[in-house]
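Close look at the chain arrangement
So the chains spell out like this:
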Amino acid sequence: MTVVDAADGVSGADVAADVAGADVEAVGEDLSARFRSWWVGVIAALIASTLIITIASDAADARAKLVAGLACTGLLGWRLVVGRGLAPGPADTRRVLYVAGLAAILALAFTVSPVFMYLLYVLLPEVLFVFDHLRPAAFWCAVLALEGLVAQRLWVGWWDANVPVYGAYLSMIAVSIGFALAMFVGYTLMEGRRRAELLAELRASRARIAELDRAAGALAERERLSRDIHDTVGQGLTSILLLLQAAETAASTDPAKAADHVRAARQAAHDNLAETRSIVAALRPVPLDGSTLRAALGRVVNRFAEARSTQTAVNVTGTEQPLDPAMEATLLRIGQELMANAFRHGRPQHVEVTLRYTPTSVLLEVADDGVGFDPALAHAAGRGYGLESIRDRVEAWAGRLQVDSAPGAGTRVRLELD
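Conventions adopted
- Residues numbered from 1 in each chain as written.
- Predicted model: local features only at pLDDT ≥ 70, side-chain atom pairs only at ≥ 80, totals over all residues.
- Heavy atoms only, no water.
- Axes fitted to C-alpha atoms, helices over the stretch in contact; angles between N-to-C directions.
- Helix = DSSP H or I, 4+ residues; strand = E, 2+ residues; numbered from the N terminus.
- Parallel < 35°, antiparallel > 145°, perpendicular 65-115°, else oblique.
- Contact = heavy atoms within 4.5 Å.
- Nonpolar A, V, L, I, M, F, W, Y, C, P; charged D, E, K, R; others polar.
- Pairing = 2+ DSSP bridges.
- Buried < 20%, exposed > 50% of the residue type's maximum accessible area, 1.4 Å probe, protein only.
- Patch = residues over 30% accessible without salt bridge, like charges linked within 9 Å, V, L, I, M, F, W, Y side chains within 5 Å.
- Areas by Shrake-Rupley, 256 points an atom, 1.4 Å probe, with all protein chains shown as cover.
- Salt bridge = Lys/Arg side-chain N within 4 Å of Asp/Glu carboxyl O.
- Left-handed = near helix turned anticlockwise from the far one by under 90°.

Our focus in this paragraph is the packing of helix α3 (residues 93-110) against helix α4 (residues 120-130). Contact pair α3 / α4: the axes reach a minimum separation of 10 Å and the direction vectors enclose 170 degrees. Our classification of the angle between α3 and α4 gives roughly antiparallel. Contacts between α3 and α4 pair Arg95, Tyr98, Val99, Leu102 and Leu106 from the former with Leu120, Leu123, Glu126, Val127 and Val130 from the latter. Tallied by class, residues from the contact of α3 with α4 come to eight nonpolar, no polar and two charged.

Shown next, in the form of structure tokens:
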């Protein structure tokens, strides 16, 4: 026999993981905002350095210096105005316009000096920071890199006779390596963003699942309370009604017996009140407090037997052993329901209750010689709620239920829980 422990749908570890994930995401957003703020400073510093080198060069004439000044001012202004506040996102109009403007201004700068190739060190990462997918980022990074290669080819040629190591081939290799590194960094950044989005979706899904679990738990609790009230208040009132009817019948012929019935009804009312209070307080069934399942079943059987003077017997076979408290409560509730059904509908002369213990399961059987019924028609006849409640309780323990009955042949209900 198994012991089942109930647990909440969301554990403390899950909640802690969610809180930690939210903290990590908040820290990540803060670092991203800080990075974007000082990254503008890096871009401005490199643009200014490139402009100073160009202006200080003797090879640049006045026109080249003017164009270089306009290009550098345009690059910085374009970043501060059009690129301001751009976060990683899809290739929409604003983002495409921004990177296309960077490419156009850089192309203008290359017309006066190849030194502006150094700006690729900041412009390639800038493109990666704008898009949230690698394909548009790779396309525009390739456009910028191609501009640099073309500029080197036009300004230096395939080979520089004065400084061979500064030939265009080496520049092409340097730009290609820079492009490859940019793609690697871009893939890493975008994969990180994708995982962060998946984590956010996972947290949202878990929140929805937790809400559904709470709703399902509330529904299950309502169903449990409905069964418990039916099995306690309903059965208790039935027992009290039978006892009072018996007392009324015996009042004129046997006052002493009638008084016994009244006392039994009073005791049944007391037990039923305590049972109801235990349900409200979410305690174990009162008949089990401080007693065994056999004794609790015996009290239930005797209470119903006193009302109709029916012969009853409680048999226990096998080695009696402690069960899960919830399983004991289930067996007692089912025993109460079966006894109530037998006396309410069957009008039996004999009722026998059997509790059988095996090494792997426990079996409860209630048999009577009453009028019986057709199990297939019980629900249609308006007498199916009790059996439905019993079936739900048995299925909750993955147990087995068997109902044998026929009109005029009595009823035998047998259930087994592992």
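With that out of the way, let us pick up the sheet that holds strand β4 (residues 400-405). Whether parallel or antiparallel, the strands of a sheet pair through hydrogen bonds between backbone atoms. Pairing in this open sheet of five strands is mixed, and the strands run β1-β2-β3-β5-β4 from one edge to the other. Every other strand in the sheet has two partners, leaving β1 (311-317) and β4 as the edge strands with one partner each. Looking at each pair of strands side by side, their axes are set apart by 10 degrees on average, direction ignored. Sheet topology note: the strand β2 (residues 350-357)/strand β3 (residues 362-368) ladder contains seven bridges and is antiparallel. By the bridge assignment for β3, Val353 is matched with Val366. Lying on the sheet, helix α9 (residues 325-346) is in contact with β1, β2, β3 and β5 (411-417); it crosses β3 at an angle near 10 degrees.

Bringing the environment of Gly318 into the picture now. Tracing the chain through its elements places Gly318 in the loop between β1 and α9. Among the residues examined, Gly318 registers a relative accessible area of 54% and is labelled exposed. Separated by 44 residues in sequence, Gly318 and Val362 have C-alpha atoms that sit 9.3 Å apart.

Moving on to a nonpolar patch on the surface. Together, Leu146, Val150, Leu154 and Trp155 make up a nonpolar patch on the protein surface, roughly 440 Å² of accessible area in all. Relative to the helices and strands, Leu154 resides in helix α5 (residues 134-155). By relative accessible area, which is 70% here, Leu154 ends up exposed.

Each packed pair of helices is defined by two parameters, the angle between the axes and the distance between the axes. Between helix α2 (residues 62-81) and α3, the shortest axis-to-axis distance is 9 Å and the interhelical angle comes to 165 degrees. In this view, α2 runs roughly antiparallel relative to α3, as classed from their interaxial angle. When the axes of α2 and α3 are compared, the crossing they make is left-handed. For the pair formed by α2 and α3, the contact residues are Val67, Ala71, Gly74, Leu75, Trp78, Arg79 and Val81 on the first element and Arg94, Leu97, Tyr98, Gly101, Leu102, Ile105, Leu106, Leu108 and Ala109 on the second. For the contact of α2 with α3, the residue count by class is twelve nonpolar, two polar and two charged.

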